[in-house]
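# Overview (structure and organization)
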Amino acid sequence: MKYQFYFGFFATIIFVCYCSKVESRIIQELSEFEVVDPPSDFRLSSFCPSGWKEEKEECVIDYQFVNSVEKNGGLGQSLPQIKLNPKVIDLGRYLFFDPILSGDKRLSCAHCHHPAYSLSDGRSQSMGKDGTGYGPTREGGVNLKRSAPSLWNVVYMDHLFWDGRASNLEDQAEGPLYSPEEMGSSQEIIESRLNEIPFYQKMFLEAFGKRGKKITSSLVIDAISTFERSLVSFSSRFDKWSTGDKDALSSEELFGYNVFRSFVARCAECHPPPMFTNNVFATIGVLDSGEKDFGRETITGQNLLRGSFRVPTLRNIAKTAPYMHSGNLETLEEVVNFYNEGGGRGNGAPSDLRIHWHVRKMGLSKIEISSLVSFLKTLNDETNMPKFPKSVPSGLPVALEFQSYHHRSSKK
Ligand code: HEC
Ligand code: HEC
């Protein structure tokens, strides 16, 4: 049974991946999903992901650098303790990759938060419903107005979305799931479909015990959110350096870090380590690519907040281009030049924006700019990249791209 299951779906997926031109046709043919019996020996993983350690059958964050205040000062901050159930994490992972949650069974969370693009999608603006493919080559669907943030360390974000309209991951997930422009689903769709798939029935029972007997949309969201909470990134070269490994950064990168935290550039005022975000809203005057985006003002009604957005993390920033809510800056060099010219002040932002006083013309030299960019690249750390399920319990095709994913992961 197990082998038939894997063989069948591997074959389908490999076929889908290698024949991207006929992909849309295949997806339609498969749209009436096949129900798969769980292999009799299937078990959700009881191992904690990297960055976590097991304690009494739960995963607690294992951040070895927090308490070390050796030579370079450590991060000077301890991380709030969080406990996650490893089986729920694993179930959430399958759901995250499974298009069964979307109305037309064609879009999963992973289409826009994809491992190959460091849990973002490599696009200026994401593409929702009716699109085909994923990442930068996704086409034919509804254009959303903002770019997809990566999901690194979302567990520590106080506000979610660029405008902070959700305050926890559970509320956030309802956004893409139920929005007609994105996954176009509903509680009824999710519950009726998943309760008919024996594989999911088995997984929910294993993850949630008796509570999992009936699959509800809130358990689905609970599992996805638990999976998202596990996506931490705290093992970059910068982390190693900050806790005493003085060889972890080159002299150029260190110089770049000093520019980053200097009173001239002031990046660390809004992007302080270890999260590289202070979790608040700021107006820096990024231009929109199309329709005007008033950001936080739309949520609070306060004029003063026009064009302000939640400060994003800079973890893995070198892997999540293009940048900003509108995705209109292509490279890190462009970002630093934008700040160097005074942010929106020097780049034609509308005069009604109250641009933050830390963002002013800086007069950084070429060497300072290139070192700052080199420093930003030291924040790369994808050691906890989730494993890509090669098939999902619905049997629907997952957003897989073997070649580019392996190519990128081998460059790590
Ligand atoms: C069509 C592409 C698309 C799909 C599908 C999608 N997202 Fe997103 N995601 C986005 C975009 C775009 C944003 C930013 C939207 C905004 O801020 O208004 C976002 C924002 C987020 C955020 C907030 C991150 C932050 O730092 O504030 C989280 C968390 C998230 N998505 C998780 C999910 C989950 C879980 C799913 C599946 C249930 C999902 N997304 C499906 C495109 C997508
Ligand atoms: C006043 C607070 C503030 C300061 C100072 C600041 N930033 Fe930002 N940063 C933000 C905000 C807010 C955004 C998101 C703006 C948007 O999307 O419109 C952002 C976005 C970014 C992004 C893009 C992130 C992404 O995921 O797309 C990068 C990279 C970045 N900043 C780097 C820097 C650097 C380098 C400096 C110093 C030269 C700096 N920031 C100074 C607030 C700040």
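Residues numbered from 1 in each chain as written. Chains lettered and ligands numbered in written order. Predicted model: local features only at pLDDT ≥ 70, side-chain atom pairs only at ≥ 80, totals over all residues.

## Focus: the overall build of the chain
Counting its secondary structure elements, the chain contains 15 helices and five strands. The burial tally for the chain puts 45% of its 412 residues in the buried class. (Helix = DSSP H or I, 4+ residues; strand = E, 2+ residues; numbered from the N terminus. Buried ≥ 20, exposed ≤ 12 C-beta atoms within 10 Å, placed from the backbone.)

## Things to note about helix α14 (residues 366-377)
With twelve residues, α14 ought to run about 16 Å at 1.5 Å a step, and its terminal C-alpha atoms sit 17 Å apart, in line with that. Burial in α14 covers these residues: E368, I369, S371, L372, V373, F375 and L376. Taken together, the buried residues of α14 touch α10 (251-260) and α13 (332-340). (Expected span 1.5 Å × (residues − 1). Contact = placed C-beta atoms within 7 Å.)

## Quick notes on the packing of helix α5 (residues 169-178) against helix α8 (residues 217-229)
Two numbers describe how α5 lies on α8: the axes approach to 9 Å, and their chain directions differ by 110 degrees. Taken together, the axes of α5 and α8 lie roughly perpendicular to each other. You can see that α5 and α8 cross each other, and the crossing is right-handed. Between α5, through L169, E170 and A173, and α8, the contact on the second element is made entirely by I221, I224, S225, E228 and R229. Of the residues contributing to the contact of α5 with α8, the split by class is four nonpolar, one polar and three charged. (Axes fitted to C-alpha atoms, helices over the stretch in contact; angles between N-to-C directions. Parallel < 35°, antiparallel > 145°, perpendicular 65-115°, else oblique. Left-handed = near helix turned anticlockwise from the far one by under 90°. Nonpolar A, V, L, I, M, F, W, Y, C, P; charged D, E, K, R; others polar.)

## Quick look at the site of ligand 1
Taken together, 26 residues form the shell around ligand 1, and within it C109, C112, F161, W162 and P176 come nearest. Contributions of two or more residues to the shell around ligand 1 are made by α4 (109-112), α5 and α8. For the shell around ligand 1, the element with the highest residue contribution is α5, accounting for five residues. Grouping the amino acids of the shell around ligand 1 by side-chain chemistry returns 18 nonpolar, five polar and three charged. (Near = placed C-beta within 6 Å.)

## A short note on unusual backbone geometry
For the bond from P273 to P274, the omega torsion is 5 degrees, close enough to zero to count as cis. For P274, the position within the fold is in the loop between α11 (267-270) and β4 (281-282). If you check the backbone angles, N153 has positive phi at about 60 degrees while not being a glycine. Here N153 is to be found in the loop between α4 and α5. N153 sits in the buried class, given 20 other C-beta atoms within 10 Å. Of note, R266 is a non-glycine position whose phi angle comes to about 60 degrees, a positive value. With respect to the helices and strands, R266 occurs in the loop between α10 and α11. By C-beta crowding, R266 is classed as partly exposed, having 18 other C-beta atoms within 10 Å.

Remember that the coordinates give geometry; whether it matters functionally is a separate question.
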